[in-house]
Amino acid sequence: MTTATTAALPFVSVIMPHYQDLGGLEIGLAALDAQTYPKDRFEIVIGDNNSPAGLAAVEAVVRGRARIVVITEKGAGPARNGAVAASRGDVLAFIDSDCVAEPQWLEEGVKALDRFDLVGGRVRVLVSDPERMTPAEAFERVFAFDFKTYIEKKGFTGAGNMFCRRPLFDRVGAFGVGLSEDVDWSRRAVATGARLGYVPAAAIGHPARVTWEQLSGKWRRINAETFGLMAGQRSQRSRWLVRNLLMPLSAVAHTPKVLTSPELNTVGQRLSAIGMLYRLRLWRLWDALTLLRATRAAERP
């Protein structure tokens, strides 16, 4: 690639929220070091959520490879907002700090903005040992981070692998707080006329949750954020409740997906994933009812 060609490429700001995961941050930054996109045409801006380890510890991992902005308001949304405000790119590329961008990630994501206004890429679920997966890992290999379905059937992309131009972000506004901020932001963008597209070549890897505690913690947060999207909308809240009441039946409907998934290698892995599927769907129903009871109690005079 000639100097003139490189100079014609848009300057990209990689936006990375971070909280107290120094090991994951090192892995994520190392992957960004290996991008095929010219290094002088992108910057990395980390929105650190005031990690307890302290700014000096984060700086020791970063080693000058990125700019760090400390954001005291908790949540990935505020961390992303703060990093965007401190960035200078024409294109914004969002990735989580524990994700591993494949070498062509930036190049393919930026290229796709010639066809779409808002781009989401493929997310591969990473496990430490594919032959010895925990039940949580086996479940996530089948069900987690299905960006193709999110984008093509549900009309949103996750902010862990997302590209847009700065004018679109400015028009849509900041990520929200206390709700599924990427779902909310994507739908606000699409409502302005933005063309949303799935680009599998803009691929990253995301570590699987390993334990039940990690998996249920993830879904506790997602349940609360999804419920937050419907705050004050009683008809939407009723639909949300019905959907959660159907969770046990959805486990039955999704069992064939586990049995046929190419992401699992053995009968034992498939059985452990099915066990986790039923356990999690029943737990999600219980958690949804708990959320609804707490909200109704708070609304009583």
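Fair warning: this is a prediction, and the values are worked out from it, not measured in the lab. (Residues numbered from 1 in each chain as written. Predicted model: local features only at pLDDT ≥ 70, side-chain atom pairs only at ≥ 80, totals over all residues. Heavy atoms only, no water.)

> Quick question: what am I supposed to make of the environment of Ser-97 here?
Relative to the elements of secondary structure, Ser-97 occurs in the loop between strand 4 (91-95) and strand 5 (100-101). Sequence spacing of Ser-97 and Ile-27 is 70 residues, and the spatial spacing of their C-alpha atoms is 8.3 Å. Residue contacts for Ser-97: discarding those within four places in its chain leaves Met-16, Pro-17, His-18, Gly-24, Leu-25 and Gly-28. Here the side chain of Ser-97 touches Pro-17 through a polar contact of 3.3 Å, landing on its backbone oxygen. (Helix = DSSP H or I, 4+ residues; strand = E, 2+ residues; numbered from the N terminus. Contact = heavy atoms within 4.5 Å. Polar contact = N/O pair within 3.5 Å; in protein donor to acceptor, adjacent residues only side chain to side chain.)

> Got a minute to help me understand helix 4 (residues 76-86) in this structure?
In an α-helix, one turn spans 3.6 residues, which is why side chains three or four residues apart end up on the same side. Along helix 4, eight of the eleven residues are buried, which leaves the element largely enclosed by surrounding structure. Lining the buried residues of helix 4 we find strand 1 (12-18), strand 2 (42-48), strand 3 (67-70), strand 4, helix 8 (166-172) and helix 9 (181-191). (Buried < 20%, exposed > 50% of the residue type's maximum accessible area, 1.4 Å probe, protein only.)

> Explain the packing of aromatic side chains to me, please; I cannot follow it from the model alone.
Describing an aromatic ring pair means giving the distance of the ring centres and the angle of the ring planes. Within this structure, the stated rule accounts for eleven aromatic pairs. Consider the rings of Trp-105 and Phe-163, whose centres lie 5.0 Å apart with planes at 50 degrees: the pair is tilted. With Trp-105 in helix 5 (residues 105-112) and Phe-163 in strand 7 (residues 161-165), this pair connects stretches of sequence that are 58 residues apart. Taking relative accessible area as the criterion, Trp-105 reaches 0% and is therefore assigned buried. Phe-163 gets classed as buried once you look at its relative accessible area, which sits at 0%. Seen from their ring centres, Phe-147 and Tyr-150 are 5.4 Å apart, and the 45 degrees between their planes marks the pair as tilted. Of this pair, Phe-147 and Tyr-150 both sit in helix 7 (residues 147-154), three residues apart, which is roughly one turn of that helix. (Phe/Tyr/Trp six-rings, centres within 6.5 Å; stacked < 30°, edge-to-face > 60°.)

> Looking at this structure, I do not really get the sheet that holds strand 7. What am I missing?
Strand pairing in a sheet relies on backbone hydrogen bonds, with the paired strands running either antiparallel or parallel. Across the sheet, eight strands lie side by side as 3-2-1-4-7-6-8-5; this open sheet has mixed pairing. For this open sheet the edge positions go to strand 3 and strand 5, each flanked by a neighbour on one side alone. Here strand 4 runs beside strand 7; their pairing, made up of five bridges, is antiparallel. Each bridged residue has a counterpart across the sheet, and for Val-91 the counterpart in strand 7 is Arg-165. (Pairing = 2+ DSSP bridges.)

> Would you take a moment to explain the side chain of Glu-137 for this structure?
By the element assignment, Glu-137 lies in helix 6 (residues 135-143). No salt bridge is formed by the buried Glu-137; the nearest opposite charge belongs to Arg-141, separated by 8.2 Å. A polar side-chain atom of Glu-137 sits 2.9 Å from the main-chain amide nitrogen of Thr-134. Among all residues touching Glu-137, those that are not within four sequence positions of it are Val-127, Ser-128, Arg-132, Ala-208, Arg-209 and Val-210. (Lys, Arg positive; Asp, Glu negative; His and termini not counted. Salt bridge = Lys/Arg side-chain N within 4 Å of Asp/Glu carboxyl O.)

> Help me understand a nonpolar patch on the surface in this model?
Nonpolar side chains collect at one region of the surface, where Val-242, Leu-246 and Leu-249 lie side by side and expose about 290 Å² of accessible area between them. Among the secondary structure elements, Leu-249 is positioned in helix 12 (residues 247-260). We classify Leu-249 as exposed; its relative accessible area is 58%. (Patch = residues over 30% accessible without salt bridge, like charges linked within 9 Å, V, L, I, M, F, W, Y side chains within 5 Å. Areas by Shrake-Rupley, 256 points an atom, 1.4 Å probe, with all protein chains shown as cover.)

> Help me understand the layout of surface pockets, please; the structure alone is not making it clear to me.
One water molecule sets the probe size; rolling that probe over the atoms shows where empty space is left. Within this model, the second largest pocket holds a volume of roughly 450 Å³. In this structure, the second largest pocket is lined by 18 residues; those nearest its centre are Arg-122, Val-123, Arg-141, Ala-144 and Glu-263. Elements supplying a minimum of two residues to the lining of the second largest pocket: strand 6 (118-126), helix 6 and helix 7. Of the residues belonging to the lining of the second largest pocket, the class tally is nine nonpolar, two polar and seven charged. (1 Å grid on protein atoms, 1.4 Å probe; cavity = no way out; pocket = protein on both sides within 12 Å on 5 of 7 lines; lining within 4 Å. Points joined across faces, edges and corners; volume = space filled by probe spheres on them. Nonpolar A, V, L, I, M, F, W, Y, C, P; charged D, E, K, R; others polar.)

> Would you mind showing me how to read the nonpolar core here?
For soluble globular proteins, nonpolar side chains are generally found buried alongside one another. In terms of nonpolar packing, the biggest core is built from 76 residues, with Val-14, Phe-94, Trp-105, Leu-106, Phe-163 and Trp-185 touching the most fellow members. Grouped together as the second largest cluster of nonpolar side chains are five residues, Trp-240, Leu-241, Ala-288 and Leu-292 included. (Core = buried A, V, L, I, M, F, W, Y, C linked by side-chain atoms within 4.5 Å.)

> Teacher, can you tell me more about the state of the cysteines here?
The bond known as a disulfide is covalent and runs between the sulfur atoms of two cysteines. Summed over the entire model, instances satisfying the criterion amount to zero disulfides. With no disulfide of its own, Cys-99 has Cys-164 as its nearest cysteine by sulfur position, at a separation of 17 Å. Judged by relative accessible area, which is 0%, Cys-164 ranks as buried. (Disulfide = S-S within 2.5 Å.)

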